[in-house]
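Understanding the architecture of this molecule
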Amino acid sequence: MEVKIEQGWKEALKQEFTKPYFIQVVTHLRAEKMANKTIYPAGSFIFNAFDKTPFGKVKVVLLGQDPYHGPGQAHGLSFSVQDGVRPPPSLVNIFKELHDDVGVPIPKHGNLTHWAEEGVLLLNASLTVRAGEPMSHAKAGWAEFTDSVIKKLSSEREQLVFLFWGKFAQEKQVLVDETKHQVLKAAHPSPYSANNGFFGCKHFSKTNEYLVRQGIDPIDWKL
């Protein structure tokens, strides 16, 4: 089937788009719309992470779980919100750690598009959600798709950094060939867990130190 996605990703994932699980995802989304359900993000943003970070430009993968389910928030980039939207608590904590780790001033906005353009794939395990209902599309088939994304990056690219924050993300570690890539794990930045190992993890500096050791330009984390 025809999927509007960045050409490099389209080539890398072309076999996925014809598999039964992906047809199931599309059928599920169509049924939701027929039932007048509001879905986030808007259709043009569903593959935004892939469009902003082409397959050949990925340096870092930052895995989230689910898009934000409030109006105007989600735009297809994990942890990121659109301009004019107050940064949610987890993102506020990410900015605190960013500041403490590498000295970047805490931004006044929560739009992480710059990180995506720097090579940080801001990937959610589910790419859509029903308004007001977190995890409502978690069993729609998206997980199989995004697992395939991680496996494809692991097998076809080298020297990437995978940032797995929280138990859910860390379960994806088995998909990564750690002889070729760097995996960094920490607690989730949520206010409920950030004090249990997210604060002080120094993943921003560790990411850049690894990239530089591989002869790869570091990420400009400043927003």
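Here, every reference points to the structure presented above.
Structure report, in brief. (Residues numbered from 1 in each chain as written. Predicted model: local features only at pLDDT ≥ 70, side-chain atom pairs only at ≥ 80, totals over all residues. Heavy atoms only, no water.)

1. Some thoughts on the pattern of salt bridges
- This model, assessed by the stated rule, comprises seven salt bridges.
- Of the charged contacts in the structure, one is a salt bridge between Glu171 and Lys167, with a shortest N-O distance of 3.0 Å. (Salt bridge = Lys/Arg side-chain N within 4 Å of Asp/Glu carboxyl O.)

2. Description of unusual backbone geometry
- Here Tyr40 and Pro41 are connected by a cis peptide whose omega angle stands at -10°.
- Structurally, Pro41 can be placed in the loop between β1 (39-40) and α3 (48-52).
- The residue Lys202 is not glycine, and still its phi comes out positive at about 60°.
- Along the chain, Lys202 falls in the loop between β6 (182-186) and α8 (203-213). (Helix = DSSP H or I, 4+ residues; strand = E, 2+ residues; numbered from the N terminus.)

3. Notes on the packing of aromatic side chains
- Counting across every chain of the model gives 20 aromatic pairs.
- Centre to centre, the rings of Trp9 and Phe50 are 4.9 Å apart; their planes meet at 90°, and the pair counts as edge-to-face. Of the two residues, Trp9 is situated in helix α1 (residues 7-12) and Phe50 in helix α3; the sequence distance between them amounts to 41 residues.
- Note on Trp9: relative accessible area 0%, which makes it buried.
- Look at Phe50 and you get buried, because its relative accessible area is 0%. (Phe/Tyr/Trp six-rings, centres within 6.5 Å; stacked < 30°, edge-to-face > 60°. Buried < 20%, exposed > 50% of the residue type's maximum accessible area, 1.4 Å probe, protein only.)

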